[in-house]
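Residues per chain are reported as follows:
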Number of protein chains: 2
Amino acid sequence: MGTGVRRRMGVEERRQQLIKVALDLFSRRSPDEVSIDEIASAAGISRPLVYHYFPGKMSLYEAALTRAAEDLAGRFEEPHEGPLGARLLRVMGRFFDFVDEHGPGFSALMRGGPAVGSSATNALVDSVRQASYEQILSHLGITEAPARLELVVRSWISLVESTALIWLEGRRVPREELERQLVHDFGALAAVSAAYDPEMAAVVRTFVQNEPGDGPFAELAARLISLAS
Amino acid sequence: MGTGVRRRMGVEERRQQLIKVALDLFSRRSPDEVSIDEIASAAGISRPLVYHYFPGKMSLYEAALTRAAEDLAGRFEEPHEGPLGARLLRVMGRFFDFVDEHGPGFSALMRGGPAVGSSATNALVDSVRQASYEQILSHLGITEAPARLELVVRSWISLVESTALIWLEGRRVPREELERQLVHDFGALAAVSAAYDPEMAAVVRTFVQNEPGDGPFAELAARLISLAS
């Protein structure tokens, strides 16, 4: 009877099920610590049958991580409506949802390691970074970024990653605070660059002009002024 | 005669020579692209003799990367004298010297990859991050960092890394500008955190009080005020 149930599942459906089971296990423990036996057992099939759908451990892991990377890149998609600060805040909320759901898998993917540190997964992480970068640029209304803007946006994305990784270690700061802080950090890094570069100053002026008086950037400015006085 | 010259070099001396040759090659091309044959040829010895001193490619690469990591961690050491901004600026200068000297090797080490993405090299990179983190804390005069300060310092270190990696891609922004910008970024990230947290506000107030009127932080503040008006 068991094989009867199995036969009813098509190849693609079974592959998807195994990916889902793997991602579920990676959300609780690092991929390095999850064996094919565990994945087989959680999917209710035999170990050899897993290898029927995925020729090796790496191929199943890469398929799972590809799915996760697509999901993660999708979190950066945001309608082009309303002020930039509010958009970024929603993106950060969805990003931390992902980090929260996929904790150990996210850490392993970003930090590399025996089961995930391959060229293929590095390329996957780079593709997510590139997709997020292009998303942010599109919200700034810019297609060809000058060198300093590219640097600000890409280094901010890396700041977002490292903040999430540090947060996952002990969750010692509420995630809502970090989501808001990272939006502020974006403004702060852009402002530092703008302080010395007229091209960046023009970019910052454009987005600040569209910020409402009760938005995150205005609130930060008010708090910094009160802190300085 | 060739073997006669070789015999005069002791084991440790030969190992050090091979490490130096490997690091020199890694400064021009990624470790992934450098073969043991090339290292042997550049050192003027045979391939089997390289394996006599280092049992495998990975063991030589790890020894070279360990040396580089010690060098890198040393760049963060700075006397506890004078204002913090000036100290950080000197640290950034030495850090970019290292990045400049070791370009492809630095990128490969930080980004992982076939020849360098092992658990051992990941641990090495983490040890440099930890040493830099402790250095910065010691300059702030703090031994036990509250969660938010830990986050600011560690995420700033990751910002320093990613800025250097992006800079290496095309060196499109002068490195002196990035060194100063990263010092400013440290102040900006600390200020963002201080805007919402009294403990961080106290840390920021302490170091700002000791900054001279012509230091990097005062200059940034003046420029930001003029930008906002």
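Residues numbered from 1 in each chain as written. Chains lettered and ligands numbered in written order. Predicted model: local features only at pLDDT ≥ 70, side-chain atom pairs only at ≥ 80, totals over all residues. Heavy atoms only, no water.

Even after reading the chapter, I still don't get the domain arrangement of chain A, so can you show me in this structure?
Where the parts come together, the accessible area they lose is often given as the size of the interface. The domain boundaries assigned to chain A delineate domain 1 (2-59) and domain 2 (70-228). Taking only C-alpha atoms into account, the centre of domain 1 of chain A sits 34 Å from that of domain 2 of chain A. (Domains from an automatic or database assignment.)

Just checking my understanding: could you explain the relation of the copies chain B and chain A for this structure?
Copy one and copy two of the chain differ by a rotation about an axis and a translation along that axis. Relative to chain A, chain B is turned by 180° and slid 0.0 Å along the rotation axis, the superposed coordinates differing by an RMSD of 0.0 Å. Both copies are brought into coincidence by an operation consistent with a two-fold rotation axis. Both copies share a contact surface, since 100% of the interface residues of chain B are interface residues in chain A too. (Least-squares fit on C-alpha atoms with pLDDT ≥ 70 in both. Contact = heavy atoms within 4.5 Å.)

Hey, could you run me through the interface of chain B and chain A in this one?
Facing the 43 residues of chain B at the interface are 43 residues of chain A. The interface formed by chain B and chain A contains six salt bridges. For the interface between chain B and chain A, the tally reads twelve residue pairs in polar contact (both at pLDDT 80 or more). Of all the elements in the fold, those that place two or more residues in the side of chain B that touches chain A are helix H7 (119-140), helix H8 (147-170), helix H9 (175-194), helix H10 (198-209) and helix H11 (216-228) of chain B. Class assignment of the residues belonging to the side of chain B that touches chain A gives a composition of 19 nonpolar, eleven polar and 13 charged. (Salt bridge = Lys/Arg side-chain N within 4 Å of Asp/Glu carboxyl O. Polar contact = N/O pair within 3.5 Å; in protein donor to acceptor, adjacent residues only side chain to side chain. Helix = DSSP H or I, 4+ residues; strand = E, 2+ residues; numbered from the N terminus. Nonpolar A, V, L, I, M, F, W, Y, C, P; charged D, E, K, R; others polar.)

Please explain unusual backbone geometry as it appears in this structure.
Backbone phi values are negative for most residues with the exception of glycine, while trans is the configuration of most peptide bonds. Although it is not a glycine, Arg171(A) sits at a positive phi angle of roughly 45°. By the element assignment, Arg171(A) lies in the loop between helix H9 (147-170) and helix H10 (175-194).

Before we go on, may I ask you to explain the environment of Phe207(A) in this structure?
All names here are of chain A. Along the chain, Phe 207 turns up in helix H11 (residues 198-209). Exposure remark for Phe 207: the relative accessible area of 9% places this residue in the buried category. Taking the C-alpha atoms as reference, Phe 207 lies 39 Å from Phe 26; in sequence the two are 181 residues apart. If we skip the residues at most four places from it in the chain, Phe 207 touches Leu 84, Leu 140, Phe 186 and Phe 217. (Buried < 20%, exposed > 50% of the residue type's maximum accessible area, 1.4 Å probe, protein only.)

Mind showing me how you'd approach the pattern of salt bridges here?
One side chain can pair with another of opposite charge once the charged atoms of both are near each other. Under the defined criterion, the tally for this structure stands at 40 salt bridges over all chains. We note a salt bridge from Arg75(A) to Asp71(A), for which the minimum N-O separation is 2.8 Å. Taken together, the residues span about one helical turn, with Arg75(A) and Asp71(A) both in helix H5 (residues 57-75) at a distance of four residues. Looking at Arg75(A), the relative accessible area reads 13%, which means it is buried. Notably, a salt bridge pairs Glu78(B) with Arg94(B), separated by 3.1 Å at the nearest N-O pair. Here Glu78(B) is found in the loop between helix H5 (57-75) and helix H6 (84-111), whereas its partner Arg94(B) is found in helix H6, with 16 residues between them in sequence. On the basis of relative accessibility, which here comes to 7%, the residue Glu78(B) falls in the buried class. Through salt bridges with shared partners, one network takes in Asp97(A), Asp100(A), Arg171(A), Arg175(A) and Glu179(A).

Got a minute to help me understand the packing of helix H6 (residues 84-101) of chain A against H10(A) in this structure?
Each pair of packed helices gets described by two things: the angle between the helix axes and the distance between those axes. Residues and elements named next belong to chain A. Running from N to C, H6 and H10 cross one another at 135°; their axes reach a closest spacing of 9 Å. As the angle between them shows, H6 and H10 are arranged oblique. Of the two possible hands of crossing, H6 and H10 adopt the one that is right-handed. Residue-level contacts link Leu 84, Gly 85, Leu 88, Leu 89, Met 92, Gly 93, Phe 96, Asp 97 and Asp 100 of H6 to Arg 175, Leu 178, Glu 179, Arg 180, Leu 182, Val 183 and Phe 186 of H10. By residue class, the composition of the contact of H6 with H10 is nine nonpolar, two polar and five charged. (Axes fitted to C-alpha atoms, helices over the stretch in contact; angles between N-to-C directions. Parallel < 35°, antiparallel > 145°, perpendicular 65-115°, else oblique. Left-handed = near helix turned anticlockwise from the far one by under 90°.)

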